[in-house]
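Coordinate inspection notes
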Amino acid sequence: MRQSWPSTCCRDADFTFHEGTNVVKSGSYRDVEFTANASEAPSRSYVWQIAGGGEWNATDNLKLSTDIAYTNSKRTSDFNATRVGNNGNTAGTRLDFDTGGDQALLNLSGFDFNNISKYKFLESFAQREVAKSDGLAGRLDAEYTFFDSILKSVSIGGRLTTRDVTRMQGTQNHFPPAAPGQPANTFPGTLLPEAFMPINLARDFYRNGSVPNPMNVVLSVPVAIQRDQARLCQLFGDTVCAPQFNPNNTHSQRERTYAAYGQASFDLDPLGLPVDGTIGARYVRTALSTDGVVTAPTGATSPINQSSSYNDFLPSANLRVKITPELVVRLAAAKQLTRPGFGSLSPTLNVTSLAASGILNINAGNPDLKPLKSTSYDISLEYYFSANGYAYLSGFKKDVTGFIQNFISRETVNLPAYPNTTQADINRPRNGDNGTIKGFEVGAQTFFDFLPSPLDGLGMQANYTYVKSKAPGPLAGQSVPLEGLSKHSYNLVGFYEKDGFRARIAYTWRDDYVETTSGPGSGALPIYVRPFNQLDASIGYVVNDHFDISVDASNLLNSSTNTYFGETIRPRFNSVVDRRIGLVVRLKT
């Protein structure tokens, strides 16, 4: 269950502002709307695969290899939700807020939270998506090895992949569209008492009261009822209950890739030059097709049978220069291709929620998406100061074209399943402008094997990374860092390995990063994640060749994930990650 507050009606007290800005820090609203949501999202999946391959040493120099694999999978994802709130009954409901601290403080008052007759139903629905996939992948490679030559080997090969995906989606509203807004205790008839339960926020709100709760008790549909769809349908008098697949939300996609590639490895040491490396290239043809129905925001539908293809030449080169036996320089350059996922290419609209303000939230795909292409350059200096210890400094640069980013636009809709809703925030992916990624990394790893036993099993790792990136923002001409990349990050790891016993403790810290350039409620502001740290640990023992046991723990510091809109004075939400400790047993036959 969760509570949410939309944009509110009326300012009720003087606002305070963050110094030097027009961003509100604290204040009050009156006659506000709120919702109490109960939802579940179970999923079931299976993957079945059969694969085989082989190698043949045709001569001392020539080796042929091949493999082929067939994969079949199916995933069923459900999302079931019921929302109630004070829609149409907002008089006197007051929201006081203060966003000046690390966590926003909220207080909701002026509403009879324990009185079921004061609540209104907003929606109750069951949504199901089934995705089926078949894939075939095969390759045939040949490698010719040269002896006593600066040319060490030449490899050539080809690879074929096919993938077919069908997605079906259906939604069942458990009460008629005209029902939302009716009092929760009068529709449909007299609900059974177990249809609602009080949620004690004084006890359950955000880490058991580490943040003041916005109210003491709110009524919501119990989780047990929400999970029991048959019982929920009985309460609402819904005789259909299960989601019925909608032909307009069914589509199939097909991808075929054909690749030919070659690579040569060399070593110039016989010429007195301490240089070796590889040079190669890959030519790839990608063919895509989409069949289904496109649903426009107006509700109009039209068939789609769209095919496209593109060809790419992707060269690469890697060079190693041994300045001394301990000091090595590496250089690399390559072109890469990243195809959009099938979900991003979907032609359908997927309603994810109906806000208390009456605005639909919709996810949509884009069958016209192009692949992301990049050219990368890397250089590193490595120093091997012992048999198992080294330090390094590396630099990198990547030029990227066709960034795939999501953008939200407010659009007029006329969807049959939501006849009383005319506005929607539609989230679509699209190719953006070009961008760059550049930076450096410094790190080291070693075992302290000079220590007396048993301390000679101790070791450590440490690295620091600096990344400067630029990608198109939600507004034309605006730039933001690339999604998911922090400007600063570092890792510290201590470990022990000896006589089958192992232990590891790892601390990770990363700076702010962009979660998405466009999200619900963000307007034209990108959504950032605040700096985050995490401490993980594990301890294990290899009993024998067939039995291994360990205890793994994550987030020992009980860190939380906190996000904000554009700048830290605009908080978005705080998410509890929680500690996790697990016992892992591995058996090998």
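Right above here is the structure, for reference.
We now turn to the structure provided with this report. (Residues numbered from 1 in each chain as written. Predicted model: local features only at pLDDT ≥ 70, side-chain atom pairs only at ≥ 80, totals over all residues. Heavy atoms only, no water.)

**Topic: the pattern of salt bridges**
How we decide: Salt bridges are identified by distance alone: a Lys or Arg side-chain nitrogen within 4 Å of an Asp or Glu carboxyl oxygen. Numbering goes from the N terminus for both helices and strands, where a helix is a DSSP run of H or I of at least four residues and a strand is a run of E of at least two.
Tallying each qualifying case throughout the model produces 21 salt bridges. A salt bridge links R254 to D164; the nearest nitrogen and oxygen atoms lie 2.7 Å apart. With a gap of 90 residues between them, R254 in strand β14 (residues 245-267) and D164 in strand β11 (residues 151-173) connect regions that are remote in the sequence. With a shortest N-O distance of 2.4 Å, D425 and R410 are connected by a salt bridge. Here the residue D425 occupies a position in strand β23 (residues 423-431), and R410 occupies one in strand β22 (residues 404-412), the gap between them amounting to 15 residues. One network of salt bridges, in which partners are shared, links R44, D78 and R128.

**Structural notes on the pairing of strand β27 (residues 488-498)**
Applicable threshold: One requirement defines pairing of two strands: DSSP has to find at least two bridges between them.
When strand β25 (residues 458-472) meets β27, the two strands line up antiparallel, connected through nine bridges. Bridge pairing in β27 links N463 to N491. Inspection of the sheet shows β27 paired to strand β28 (residues 501-510) by ten bridges, in the antiparallel sense. Counterpart to N491 in the pairing with β28 is T508. Hairpin connection from β27 to β28: two residues lie between these consecutive antiparallel strands, with D499 at a positive phi of about 55°.

**Topic: the pairing of strand β15 (residues 275-295)**
Remember that side chains alternate between the two faces of the sheet whenever the strand is regular. Summarising the sheet, β14 and β15 pair through 16 bridges and their orientation is antiparallel. When the bridges of β15 are listed, E255 appears paired with L288. With 21 bridges connecting them, β15 and strand β16 (residues 301-322) associate as antiparallel partners. Across the sheet, residue T290 finds its bridge partner in β16, namely Q306. The hairpin formed by β15 and β16 contains five residues between the paired strands, and G299 there has a positive phi angle of roughly 95°.

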